[in-house]
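Tertiary structure, described
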Amino acid sequence: DVKVTQSSRYLVKRTGEKVFLECVQDMDHENMFWYRQDPGLGLRLIYFSYDVKMKEKGDIPEGYSVSREKKERFSLILESASTNQTSMYLCASIGTSGIQETQYFGPGTRLLVL
Amino acid sequence: AQKITQTQPGMFVQEKEAVTLDCTYDTSDQSYGLFWYKQPSSGEMIFLIYQGSYDEQNATEGRYSLNFQKARKSANLVISASQLGDSAMYFCAMRLLMYSGGGADGLTFGKGTHLIIQP
């Protein structure tokens, strides 16, 4: 089974702190993604990466950065956390089997910024 | 830009009945994939079913089937014989596909439908 893991299920941080959210997948997938999910807004793409050291901005990259030093690991960084970054963060990777594409999600990190 | 519309914010269904969750999409591209995910209250996103835009047959996975009507740009999810454990949020999503060069970007999601199965 494909497994996408995230370093924390719940996280509480203070405004201004630097926050690292880690995501690891074990299927050698090239494409990885970070989303945030908010009530009424659905899931929105923050950043994605096609390969090691490659990154692309999604729809809402402001206030975030990412790091992909190894293929299996994609980190989301909040340089200076703010209360409006309180959200559910979901990491995902994409695999393809023949013509079928599947995007696998991690369990999510619920971040509260005080 | 792609857009996904799920017009049913919530649905109540009796156990064992079939359920149809609506999804329409908008894109000018010809090559795309359509996905359905289930999100229970625990928060994880569970992949249910995938339909490629060039697939001629409707996708099926166990009790889930996708009613794909390309001309209408609709991709409704059908759950047969609903169970109490089917109560969850359901999201329709799409992604443009570029088989020659990898993906163009991530998934575009609808706002979701909250399905509640009643005993």
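Before reading on, note that the structure itself is shown above.
A brief report on the enclosed structure follows. All values derive from a computational prediction rather than experimental measurement.

Residue and element names in this part refer to chain B. With respect to the helices and strands, the residue Tyr25 is situated in strand 4 (residues 24-26). Between the alpha carbons of Tyr25 and Gln6 there is a distance of 8.9 Å; along the sequence they are 19 residues apart. When neighbours within four sequence positions are excluded, Tyr25 is seen to be in contact with Lys3, Ile4, Tyr32, Leu34, Phe68, Lys70, Lys73, Ser74, Ala75 and Met94. A distance of 2.7 Å separates the side chain of Tyr25 from the side chain of Tyr32, its partner in a polar contact.

Now for the interface of chain A and chain B. Tallying the contact residues gives 23 residues for chain A and 22 residues for chain B. In total, about 1800 Å² of surface goes out of reach between chain A and chain B, with carbon and sulfur atoms giving 53% of it. Joining chain A to chain B, the criterion identifies zero salt bridges. Mapped by element, the contributors of at least two residues to the side of chain A that touches chain B are strand 4 (31-38), strand 5 (42-49), strand 9 (87-97) and strand 10 (100-105) of chain A. The leading source of residues in the side of chain A that touches chain B is strand 10 of chain A, at five residues. Grouping the amino acids of the side of chain A that touches chain B by side-chain chemistry returns 13 nonpolar, seven polar and three charged.

The rules behind these values
Residues numbered from 1 in each chain as written. Chains lettered and ligands numbered in written order. Predicted model: local features only at pLDDT ≥ 70, side-chain atom pairs only at ≥ 80, totals over all residues. Heavy atoms only, no water. Helix = DSSP H or I, 4+ residues; strand = E, 2+ residues; numbered from the N terminus. Contact = heavy atoms within 4.5 Å. Polar contact = N/O pair within 3.5 Å; in protein donor to acceptor, adjacent residues only side chain to side chain. Buried area = accessible area lost by both parts, 1.4 Å probe. Salt bridge = Lys/Arg side-chain N within 4 Å of Asp/Glu carboxyl O. Nonpolar A, V, L, I, M, F, W, Y, C, P; charged D, E, K, R; others polar.

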